[in-house]
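# Observations on the three-dimensional arrangement
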Amino acid sequence: MAASVVISIPDGEGVLSLKKENKFKFSHLPIISFLREKKKIQFSLPPIVSFLREKKSKHDLIKLIHSFKVGTALVLVCLLYLLDPLFSHVGENAMWAIMTVVVIFEFFAGATLSKGLNRGIGTILGGGLGCLAAALAEQVGGIGNAIVIGTSVFIFAAAATYARLIPRIKKRYDYGALIFILTFNLVVVSGIRAEKVIVLARERLSTIAMGFAICIFISLLVFPIWASDELHDSMASKFEDLARALEGCLEEYFGFINEKENQQPTAANFTSCKSILNSKAKDESLANFAKWEPWHGKFGLSYPWGKYLQIGEHLREIAATILSMKGSLQSPRQPPTTMGETFKEPCEAVGSLLAQTLRELGESVLKMRRCHAEASILPKLKSMRVELNSVMSPSKLGPLQNGGFAVATFVFTLMEMVEKVEELAKELEELGELADFHTQLALICPSNQ
């Protein structure tokens, strides 16, 4: 009988045996029983399920989905290396498929499609022209070979670089122009010593197409993440943020914030205004990606994404106007209580109407319902502007040194905001016509009771 070495666990229940026959036996049940008794271990769901439970927000879940999609795409493209039948057909050119997946797979489906098409077009144009330049240089021969190669590299590289500096091309085709320059130079230079440059270009292009096909398939068909949805929802949420910021300014200016109540501080509202001011680059990027996306859901091929950018400009102007009110809130020359009470009611009425209008406009964007600004919204705003003009008389303002200047500044800022909201309502009415929003006037622009 083979001898064994016995190691005792503190309570003597677990046994670890090491046999001379190089066999290892371990009994884990006694150890688990011991740890349970000592309350040193707690059992829960598997780690992956627990991790998913922690990801409560929608944005975190979308990030997780994108990560899984990228991993899946890389696994599929690596099969070109791992499976011998596939590797025998593509060979070492399989690395171009892997490189394509790593480079072009983006978070949004439109971004992936944009990069993929740019890479494909740039590769085809660069490879084709490079082959022609290499063939022409070979026909010339001698010292003319180097002259043709150098001249063609200079002309095409300079032309493509200049095209990248044109704003309209840079927004949508910058990556394609970069790939064109890279591919053209690689092909035309390798053509000096490689006689089979056309065959090599065809093989590499086929593997790039394989990687592109895998990316497009997973990005567009497996839980697609649309830039158009992100732009649409984020644009609609900005209206609510501005409405809350405006209400917070009015509450603080007229002293209606009760510190004992758990209310959102005004600083948070100003923070949302600052984020809206800094959203231009993000909006332009999302609009660019949305233009590349195919017809899906409620967004067609010719959806007016350019109008969203114009609406974003108006929203940023309103956010800047609200931030300018911060100067009135922090001014040391505040009006007396009696003067503030005189202007409180009209300013509150105008601010309440502006906040309500912003929310109605945001809801019309979110639910894609047409808003008839000329019929319902603009008459209310014009009447409020007339009311503000009536309270701006010198008799009501009083001496400027007694706080009249601070009140006048605040009221003029409200009047400016009324004008900006009027322009915004007109832009949304045009958006409804261009995007063919459905009409539901009673819900969008309810009349005052």
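Bear in mind the structure is a predicted one, so any value in this text is a computation, not a measurement.

Turning next to the overall build of the protein. A count of helical and extended segments in the protein gives 18 helices and five strands. Per-residue burial over the protein gives 41% buried out of 449 residues. Restricting to contacts in the protein with at least 6 residues of sequence separation, those with at least 24 account for 77%. For the protein, the computed accessible surface area is about 25500 Å², with 61% contributed by carbon and sulfur atoms.

Its place among the elements puts Ser279 in the loop between α11 (266–277) and α12 (280–292). A residue is classified by how much of its surface remains accessible, and Ser279, at 8% relative accessible area, is buried. For Ser279, the residues in contact, after removing those within four places along its chain, are Lys238 and Arg316.

Our focus in this paragraph is the packing of aromatic side chains. Tallied over the entire structure, the rule returns 11 aromatic pairs. Through pairs of rings, three or more aromatic residues link up here, namely Phe299, Tyr303, Trp305 and Tyr308. The ring centre of Tyr175 lies 5.1 Å from the NZ or CZ of Lys115, which sits over that ring. One Lys or Arg, Arg172, reaches over the ring of Trp292 and ends 4.7 Å from the middle of that ring.

What follows is about a negative patch on the surface. Among the surface-exposed residues, Glu251, Glu345, Glu348 and Glu387 lie close enough to one another that they form a single negatively charged patch. Topologically, Glu348 is positioned in helix α14 (residues 337–366).

Working definition: two side chains of opposite charge can pair if their charged atoms are close together. In this structure the tally under the stated criterion is 18 salt bridges. We note a salt bridge from Glu313 to Lys280, for which the minimum N-O separation is 3.7 Å. Taken together, the residues Glu313 in helix α13 (residues 305–330) and Lys280 in helix α12 connect sequence positions 33 residues apart. Given the relative accessible area of 32%, Glu313 is considered partly exposed.

Take the layout of surface pockets next. By volume, the largest pocket amounts to about 390 Å³. Forming the boundary of the largest pocket are 19 residues, of which Thr123, Thr183, Val187, Arg204 and Ile208 lie nearest the centre.

Moving on, we come to helix α7 (residues 143–164). Within an α-helix, residues lying three or four positions from one another point in the same direction, as the helix has 3.6 residues per turn. Across its 22 residues, α7 extends 32 Å between first and last C-alpha, which sits within 8% of the 32 Å expected from 1.5 Å per residue. Within α7, the full set of buried residues consists of Gly144, Asn145, Val148, Ile149, Ser152, Val153 and Ala160. The buried residues of α7 occupy an angular sector of 165 degrees when projected down its axis, which confines them to one face. Structural note: α7 exposes Ile143, Ala146, Phe154 and Tyr162 on the side pointing more than 90 degrees away from its buried face. Among the structural elements, α6 (109–140) and α8 (167–190) are those in contact with the buried residues of α7.

The interhelical angle for the contact between α6 and α7, taken along N-to-C directions, is 155 degrees, at an axis separation of 7 Å. Between α6 and α7, the interaxial angle falls into the category roughly antiparallel. For α6 against α7, the interelement crossing comes out right-handed. Listed contacts from α7 to Leu129, Ala133, Ala134, Leu136, Ala137, Glu138 and Val140 of α6 are Gly144, Asn145, Val148, Ile149, Ser152 and Phe156. Of the residues that constitute the contact of α6 with α7, the class distribution is nine nonpolar, three polar and one charged.

Below, the discussion takes up the packing of helix α5 (residues 94–104) against α6. Between α5 and α6, whose axes approach to 9 Å, the crossing angle comes to 140 degrees. Classified by the interaxial angle, the pair formed by α5 and α6 is oblique. Along its contact with α5, which presents Trp96, Met99, Thr100, Val103 and Ile104, the element α6 presents Thr112, Lys115, Gly116 and Arg119.

The subject of this paragraph is unusual backbone geometry. For Met368, which is not glycine, the phi dihedral falls at a positive 55 degrees. Of note, Met368 is situated in the loop between α14 and β4 (369–370). A relative accessible area of 12% places Met368 in the buried class. The phi angle at Asp436 is positive, at roughly 60 degrees, despite the residue not being glycine. Residue position: Asp436 is located in the loop between α17 (404–435) and β5 (438–439).

For α6, spanning 32 residues, the distance from its first C-alpha to its last is 46 Å, which sits close to the expected 46 Å at 1.5 Å a residue. Positive phi shows up at Gly141, right after α6, with a value of about 70 degrees.

Right, let's talk about the nonpolar core for a bit. Of all hydrophobic cores here, the largest spans 63 residues; its most connected members are Phe239, Leu242, Tyr308, Ile322 and Leu354. The set of elements that each furnish at least two residues to this core consists of α10 (227–253), α11, α12, α13, α14, α15 (373–390) and α17. A total of 13 residues in this core trace back to one element, the largest contributor, which is α17. Membership of the second largest hydrophobic core comes to 14 residues, among which are Leu80, Ala94, Ala97 and Ile214.

This paragraph deals with the confidence of the model for the protein. Across the protein, the average pLDDT comes to 77, with 72% of residues at 70 or higher. Within the protein, the lowest mean pLDDT, 40, falls on strand β2 (residues 15–19), and the highest, 92, falls on α12. The low-confidence segment residues 38–45 (pLDDT under 50) makes eight contacts with residues lying over four places distant or belonging to another chain. Of the regions scoring below 50 in pLDDT, residues 441–449 engages in 17 contacts with residues more than four places distant in sequence or in other chains.

Parameters and conventions
Residues numbered from 1 in each chain as written. Predicted model: local features only at pLDDT ≥ 70, side-chain atom pairs only at ≥ 80, totals over all residues. Heavy atoms only, no water. Helix = DSSP H or I, 4+ residues; strand = E, 2+ residues; numbered from the N terminus. Buried < 20%, exposed > 50% of the residue type's maximum accessible area, 1.4 Å probe, protein only. Contact = heavy atoms within 4.5 Å. Areas by Shrake-Rupley, 256 points an atom, 1.4 Å probe, with all protein chains shown as cover. Phe/Tyr/Trp six-rings, centres within 6.5 Å; stacked < 30°, edge-to-face > 60°. Lys NZ or Arg CZ within 6 Å of the ring centre and 35° of its normal. Patch = residues over 30% accessible without salt bridge, like charges linked within 9 Å, V, L, I, M, F, W, Y side chains within 5 Å. Salt bridge = Lys/Arg side-chain N within 4 Å of Asp/Glu carboxyl O. Lys, Arg positive; Asp, Glu negative; His and termini not counted. Charge placed at Lys NZ, Arg CZ, Asp CG, Glu CD. 1 Å grid on protein atoms, 1.4 Å probe; cavity = no way out; pocket = protein on both sides within 12 Å on 5 of 7 lines; lining within 4 Å. Points joined across faces, edges and corners; volume = space filled by probe spheres on them. Expected span 1.5 Å × (residues − 1). Arc of directions from axis to C-beta. Axes fitted to C-alpha atoms, helices over the stretch in contact; angles between N-to-C directions. Parallel < 35°, antiparallel > 145°, perpendicular 65-115°, else oblique. Left-handed = near helix turned anticlockwise from the far one by under 90°. Nonpolar A, V, L, I, M, F, W, Y, C, P; charged D, E, K, R; others polar. Core = buried A, V, L, I, M, F, W, Y, C linked by side-chain atoms within 4.5 Å. pLDDT = per-residue confidence, 0-100.

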